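# Examination of the molecular architecture
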There are 2 protein chains.
Amino acid sequence: MRVHLVFEVEEDLSKSFEKSLPDCDVSYGELPAEDTEILVAGRPTANMEAGMPNLKAVVIPFAGLIPVTREALLKRPGLDVYNLHHNASATAEKAIELMMSAAKRTVVNDRSMRQGVWAPRFDTSEALQLAGKTALVLGYGEIGRRVAAVCVALGMDVTSVRRSTGNRRDGEIQVRDQSMFPVLATTADVLLVCAPLTDETKGIVSREVLKSMPRGGIVVNIGRGPIIDEEALFDCLKNGHLHGAGLDVWWKYPTGEEPSQPSDFPFQDLDNVVMSPHNGGTVQGTEPVRMAALSDVICRIAVSDTELRPVDVLRGY
Amino acid sequence: MRVHLVFEVEEDLSKSFEKSLPDCDVSYGELPAEDTEILVAGRPTANMEAGMPNLKAVVIPFAGLIPVTREALLKRPGLDVYNLHHNASATAEKAIELMMSAAKRTVVNDRSMRQGVWAPRFDTSEALQLAGKTALVLGYGEIGRRVAAVCVALGMDVTSVRRSTGNRRDGEIQVRDQSMFPVLATTADVLLVCAPLTDETKGIVSREVLKSMPRGGIVVNIGRGPIIDEEALFDCLKNGHLHGAGLDVWWKYPTGEEPSQPSDFPFQDLDNVVMSPHNGGTVQGTEPVRMAALSDVICRIAVSDTELRPVDVLRGY
């Protein structure tokens, strides 16, 4: 089976990758081979024009389907599309990192201490205790599940919502249908967005939802920027309705090497936001893990493993 | 029973506090009443000179016994001494906050993003994944237990050590005798110090222990500064043996209002340390919780509750 990766891989990794796929013929590079059957590409749009009449499957080597990819794939029905979820643990850890640092003002404390100023030591107004608080996890997939489990261990009261799940209980976690989201947000001290960007989640964390949250809450986003109303989040942070926010995903991304702000609103001027450069999945040792996950998916495509769930391109995840 | 608090309490709180102690006569202020039977004081040293011939018990309204307090109390045998552990959850959360932010470079990421610089986005060398790593929790009391549970939920392999416990298992957590600490440190990716400062813990995280940890590890301290060898920790951070450290407790504390550095070594010049002003227990709503815990301890002293464990003044906790 012909597998083409549109990116280069370090020699050590490519060797072990190819060794793990003895029945595949693996090639690399920007231009996919004409006889490609499995294409591995982060943004396959451009590559789709290359023809590839035998193309059977596309593997996107991370989680999520950006809109332009979805458009391109919808024009070519019959293809199976897969995501990799190898960095779910790392991304869940990013959500916990951002929740903790927004709750405790990590950045402000650190900046103060570097100047020898201990003032935050006795100021009880600036740090939120999480034990006893209510966490609402939007999205209950590979990432949301891990985030919810840590929130339980922190002594929080945890509810998660996901699309069309029916109401159920998973250990100590209440799992609710996404239609309940606006109601559940009204009692959420901490809202953790761990959902993919789809037509249904775009803007779901609206101005109304943010304003309905209890005063002094926290919003964390490791899903995708446009799930949250950008201006409303900025307003709720600036006017103090929210205690804080921790954001790893944004509304605007750099198009070149020049510094560029991640929003039309000056989040960088707010002390109650913790800003992170969409690097939740970027951890030490991630490349070997990614290549192992990729090998696993390709093997399973090759043997038509029915338990391997393709992405629903229409829904977007 | 005459109870004296050597600090003032807000009127709302003092009212409900007194109401909760109908059989006690409560007074406040720097100078304890001569007929005090239960003294509540953070640093009772000076107050001990006031005589108080009927003094039966001292309550220190936080966890731990500083050396000068210990000296003073040892001179007055027969007194029962109690700590409050009302902020164990908040302090455990501080440990998790510092572990996550040291592992992920929260402060560095935030600083970069505020300048629109996304460079850390694809740099896998800077962030540590915690899932799959080994955590060693030094101290397994009210705080250590909570920290260990969160580490388990994060997918870490968790061992804790405490004094004279015998080896046992608590759920997914291995609990080992403190004598095993130097051996266990040699495989600890993350060392979380959650122990009180005693003769036995002072300097227990020595240069040898730090050097024996696997390269690229993390040290968190929410116990007390002198448990860790100050210079050795600085060296291991500066030379990159450790990936990072998160410190809420220090070797030097301010004596006045002037800015003052928390160590003789310039931790403030290191990017791989997260600095916090000993405010783990300082969270919103902590005062009512502290007063409720204080009321509870006083009630139990008054009825000679045998399950209320006094501090072992000789041991220091």
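Here we summarise the structure given alongside this text. (Residues numbered from 1 in each chain as written. Chains lettered and ligands numbered in written order. Predicted model: local features only at pLDDT ≥ 70, side-chain atom pairs only at ≥ 80, totals over all residues. Heavy atoms only, no water.)

## Considerations on the sheet that holds strand 6 (residues 134-138) of chain A
Residue and element names in this part refer to chain A. Strand order in this open sheet of eight strands is 8-9-7-6-10-11-12-13, and the pairing throughout is mixed. Edge strands, defined here as strands with exactly one partner in the open sheet, are strand 8 (168-170) and strand 13 (273-275). Between one strand axis and the next, the sheet turns through 20° on average, direction left out of account. Where strand 11 (residues 217-221) and strand 12 (residues 242-247) come together, five bridges link them in parallel fashion. The residue of strand 12 that forms the bridge with Val 220 is Gly 246. (Pairing = 2+ DSSP bridges. Helix = DSSP H or I, 4+ residues; strand = E, 2+ residues; numbered from the N terminus. Axes fitted to C-alpha atoms, helices over the stretch in contact; angles between N-to-C directions.)

## With respect to the relation of the copies chain B and chain A
Note on the identical chains: chain B maps onto chain A by a rotation of 180° and an axial translation of 0.0 Å, with an RMSD of 0.1 Å. Taken together, the rotation and translation relating the two chain copies correspond to the operation of a two-fold axis. By residue overlap, the copies meet face to face through one surface: 100% of the interface positions of chain B are interface positions in chain A. (Least-squares fit on C-alpha atoms with pLDDT ≥ 70 in both. Contact = heavy atoms within 4.5 Å.)

## Topic: the nonpolar core
Within the largest apolar cluster, 66 residues are counted, with the highest numbers of intra-cluster contacts made by Met 99, Val 147 and Leu 192 of chain A together with Met 99, Val 147 and Leu 192 of chain B. With residues near it in sequence (within four places) discarded, Leu 192 of chain A still touches Ala 95, Met 99, Ala 135, Leu 136, Val 137, Leu 138, Val 147, Cys 151 and Val 220 of chain A. (Core = buried A, V, L, I, M, F, W, Y, C linked by side-chain atoms within 4.5 Å. Buried < 20%, exposed > 50% of the residue type's maximum accessible area, 1.4 Å probe, protein only.)

## A short note on the pairing of strand 5 (residues 80-83) of chain B
All names here are of chain B. In the sheet, strand 4 (residues 57-60) pairs with strand 5 via four bridges, with the strands oriented parallel. When the bridges of strand 5 are listed, Val 59 appears paired with Tyr 82. For the crossover from strand 4 across helix 2 (residues 67-74) to strand 5, the handedness is right-handed. (Right-handed = clockwise from strand over helix to strand, strands pointing away.)

## Thoughts on the pattern of salt bridges
Close approach of charged atoms allows side chains with opposite charge to pair. Within the structure shown, the criterion is met by 34 salt bridges over all chains. Two residues, Lys 104 of chain B and Glu 93 of chain A, come together in a salt bridge whose shortest N-O distance is 2.8 Å. Taken together, the residues span two chains, with Lys 104 of chain B in helix 3 (residues 88-104) and Glu 93 of chain A in helix 4 (residues 88-104). According to the relative accessible area criterion, Glu 93 of chain A is buried, its value standing at 2%. Members of the salt-bridge network, linked through shared partners, are Arg 2, Asp 25 and Asp 35 of chain A. (Salt bridge = Lys/Arg side-chain N within 4 Å of Asp/Glu carboxyl O.)

## Section: the interface of chain B and chain A
Residue-level contacts link 58 residues of chain B with 58 residues of chain A. Each partner contributes to the roughly 5100 Å² buried at the junction of chain B and chain A, and carbon and sulfur atoms together form 59% of this total. For the chain B face of the interface with chain A, the top three residues by lost area are Glu 93, Arg 114 and Trp 118 of chain B, together amounting to 15%. Linking chain B with chain A are two salt bridges. The dominant element in the side of chain B that touches chain A, judged by the number of residues it contributes, is helix 3 of chain B, at nine residues. Considered class by class, the residues forming the side of chain B that touches chain A number 29 nonpolar, 19 polar and 10 charged. (Buried area = accessible area lost by both parts, 1.4 Å probe. Nonpolar A, V, L, I, M, F, W, Y, C, P; charged D, E, K, R; others polar.)

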